[in-house]
Amino acid sequence: DQQVKQNSPSLSVQEGRISILNCDYTNSMFDYFLWYKKYPAEGPTFLISISSIKDKNEDGRFTVFLNKSAKHLSLHIVPSQPGDSAVYFCAGGNEKLTFGTGTRLTIIP
Amino acid sequence: NAGVMQNPRHLVRRRGQEARLRCSPMKGHSHVYWYRQLPEEGLKFMVYLQKENIIDESGMPKERFSAEFPKEGPSILRIQQVVRGDSAAYFCASSPGSGRPGQYFGPGTRLTVT
């Protein structure tokens, strides 16, 4: 029972453009949704979170949108930079996080 | 200003041996979590601990795996009688437990069972 799904295994975006990463979930009991970024051979780095009672949260170049009726969240990165190339994981929960399988983002210079 | 520390970074064990993975949380963090990542998969929750207490171990295999977070010292994830299927990256995370979301991860321990 995959409660958090990232259906796009990879995404390529031109530098300077907007990157949009998507995530679907089935568990409506999650208190929070989070996005993490991961480089090879490193641990995930926390990027941004959103409470289940909100529909948008913004932090610098990163904005997360939550559509509860569609059980869908997305991460927008604008403008995209080469250093954003990494694997991005969405997760739901608070103490016990349930992760998606990740989307590999490649920023093309 | 050390983050979450894990050691060893790489661990090779033969089938049947024991593996001990250590995690020191960020300063000021009292909550520790362990996750496992198999190749080409996302991270899977294993266990959530506070000092001297296991809060949620719903993701731990029923046998051979145990975790502790003693009053003094790092958190330990222990795998007894390792099998090839235990080969994975094991990540530890910590949080201050203030109710705010966001766990901060260590660099992971890559366990290889030969």
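Everything numeric here is computed off the predicted structure, so don't read it as measured data.

1. Details of the state of the cysteines
Residue and element names in this part refer to chain A.
Working step 1: In the structure shown here, the tally under the stated rule is 2 disulfides over all chains.
Working step 2: The partner cysteine of Cys-23 in its disulfide is Cys-90, sulfur to sulfur 1.9 Å. Around the S-S axis, the bridge from Cys-23 to Cys-90 shows a dihedral of about 65 degrees and counts as right-handed. Taken together, the residues span a long stretch of sequence, with Cys-23 in strand 3 (residues 19-25) and Cys-90 in strand 9 (residues 86-93) at a distance of 67 residues.

2. Digging into the pattern of salt bridges
Working step 1: Going through the model one piece at a time under the given rule, you end up with 5 salt bridges over all chains.
Working step 2: Residue Asp84(A) pairs with Arg61(A) through a salt bridge whose shortest N-O separation is 2.8 Å. Of the two residues, Asp84(A) is situated in the loop between strand 8 (72-77) and strand 9 and Arg61(A) in the loop between strand 6 (56-59) and strand 7 (62-67); the sequence distance between them amounts to 23 residues.
Working step 3: One network of salt bridges, in which partners are shared, links Glu18(B), Arg20(B) and Arg78(B).

3. Considering the sheet that holds strand 7 of chain A
Residue and element names in this part refer to chain A.
Working step 1: Strands sit in the order 1-3-8-7-6 across an open sheet of 5 strands; the sheet is antiparallel. Whereas interior strands pair on both sides, the edge strands pair on one side only; in this sheet they are strand 1 (4-5) and strand 6.
Working step 2: Sheet topology note: the strand 1/strand 3 ladder contains 2 bridges and is antiparallel. Bridging across to strand 3, Lys-5 finds its partner in Asp-24.

4. A closer look at the environment of Ile76(B)
Residue and element names in this part refer to chain B.
Working step 1: With respect to the helices, strands and loops of the structure, Ile-76 is situated in strand 8 (residues 75-79).
Working step 2: Placed 55 residues apart in sequence, Ile-76 and Leu-21 show a C-alpha to C-alpha distance of 5.6 Å.
Working step 3: Residues contacting Ile-76, with those up to four places away along its chain left out, are Arg-20, Leu-21, Arg-22, Trp-34, Ser-66, Ala-67 and Glu-68.

Criteria and cut-off values
- Residue numbers here run from 1 along each chain, matching the order of that chain's written sequence.
- Chains carry letters and ligands carry numbers; both start at the beginning, A for chains and 1 for ligands, and go up in the order they are written.
- Totals for whole chains, interfaces and linings use every residue, but because this is a predicted model, local features are given only for residues with pLDDT of at least 70 and side-chain atom pairs only at 80 or more, for both listing and counting.
- Here the side-chain values reflect all heavy atoms present in the structure, with hydrogen atoms and water set aside.
- Two cysteine sulfurs form what is called a disulfide whenever their separation falls within 2.5 Å.
- Put simply, DSSP H or I for four residues or longer makes a helix, DSSP E for two residues or longer makes a strand, and each gets a number counted from the N terminus.
- Any Lys or Arg side-chain nitrogen found within 4 Å of a carboxyl oxygen on Asp or Glu counts as a salt bridge.
- Here a strand pair is declared whenever DSSP counts at least two bridges between the two strands.
- Two residues form a contact once any of their heavy atoms are found within 4.5 Å.

These figures capture arrangement, not role.
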